[in-house]
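A look at the structure
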Amino acid sequence: MRHGCVPLYPVLLAVTVLLFLSPTIAWRPWPHNKTNAQDSIFGDSKKFEGSSEFVHLKYHMGPVLTANITVHTIWYGTWQRSQKKIIREFINSISAVDSRHPSVAGWWRTVQMYTDQTGSNISKTVRLGQEKNDRFYSHGKSLTRLSIQSVIKSAVTARSKPLPVNAKSGLYLLLTSDDVVVQDFCGQVCGFHYFTFPSIVGYTLPYAWVGNSQKFCPGVCAYPFAVPDYIPGLKPLKSPNGDVGVDGMVSVIGHEIAELATNPLVNAWYAGQDPSFPVEIADLCEGIYGTGGGGSYTGQLFNGEDGATFNMNGIRRRFLVQWVWNHVVNYCSGPNALDQ
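Residues numbered from 1 in each chain as written. Predicted model: local features only at pLDDT ≥ 70, side-chain atom pairs only at ≥ 80, totals over all residues. Heavy atoms only, no water.

Naming follows an unreviewed UniProt entry, where the chain appears as Protein EXORDIUM-like 3 of Lithocarpus litseifolius. Within the UniProt record for the chain, the comment given under Subcellular location (unreviewed entry) is "Secreted, Extracellular space, Apoplast". What UniProt records for the chain under Sequence similarities (unreviewed entry) is the sentence "Belongs to the EXORDIUM family." (UniProt positions renumbered as here; feature names shortened; annotations may be inferred.)

1. Remarks on the side chain of Q322
For Q322, the position within the fold is in the loop between strand 13 (318-319) and strand 14 (324-326). Assessed through its relative accessible area of 3%, Q322 is described here as buried. A distance of 2.6 Å separates a polar side-chain atom of Q322 from the backbone oxygen of A282. (Helix = DSSP H or I, 4+ residues; strand = E, 2+ residues; numbered from the N terminus. Buried < 20%, exposed > 50% of the residue type's maximum accessible area, 1.4 Å probe, protein only. Polar contact = N/O pair within 3.5 Å; in protein donor to acceptor, adjacent residues only side chain to side chain.)

2. A few points about the pairing of strand 5 (residues 170-176)
By the criterion of burial, strand 5 is predominantly enclosed, with seven of the seven residues buried. With burial as the criterion, each face of strand 5 is covered, one bearing G170, Y172, L174 and T176 and the other bearing L171, L173 and L175. Examined bridge by bridge, strand 2 (residues 69-76) and strand 5 share seven bridges and lie parallel to one another. From the neighbouring strand, T70 faces strand 5, where its bridge partner is G170. Direction of pairing for strand 5 relative to strand 8 (residues 206-211): parallel, over a ladder of five bridges. Across the sheet, L174 pairs through a bridge with W209, a residue of strand 8. (Pairing = 2+ DSSP bridges.)

What follows is the structure, given as structure tokens:
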């Protein structure tokens, strides 16, 4: 039903997490240890990132996004041009064919492997659509889950340049600036996705919300570029694009777009018996960003010449994005295995 983040602490091992993972979890950065907690289970093998015989991801016959995907963005609050550029380039990189390996497009190929009941795969094309700026905080600086839908309604029904309504292949991405409070933000969620209610918006549209945590909780939602207060002495890693809050948002945005593509109406691909609390393809790989990841270890990452940390390349930028569940081989995958 929704995606959120609940506190998970570094003592958990990967298999334990997959056994007891809360279905309301979405993206949550895990405190980083230098040693790989999963090695004690799998030895030197590195092909088991997050794998588990206890994961039963199933297809529930609902639609997935097989048509070309268009992401319509709502910029709510105050945004710098540089911040918008980072997020736009990440979304554009999903379908880029000439990015350096390992690439964002290679990461998306795992998402493409999911199909609908006709056998059609999720689209390889993800592109930026129209945008709407709400720089005057039309619904205030404190939003609830329902008022988020009201913001979307304002964007698609605006008198001047409304966002187009496309329920088949359009995704609506609401991004709130670092001075906007959102219900459950930081305490339980960094982002979530669902679909709009016709009673509020007038249409059933798949959407996601992601907040900039820079002022409120960067140690929670922008980890490892900021660290939680409860881990003294741990140094944050350098973000690849020089903006801790926005670089943290990128992974959450990737998480939500991947799950919107595979489960837009919460009746397609998910684990668990209750569609009100689905565990989806990115939830299953929470905290895993590279080879060997699991437990309290993010996995092997790259360091750029400038000292910044990343795990995949975009068109002109680098990003750190969480891996997603590969249902064919039954473990988490990034661009490494598929980006050739």
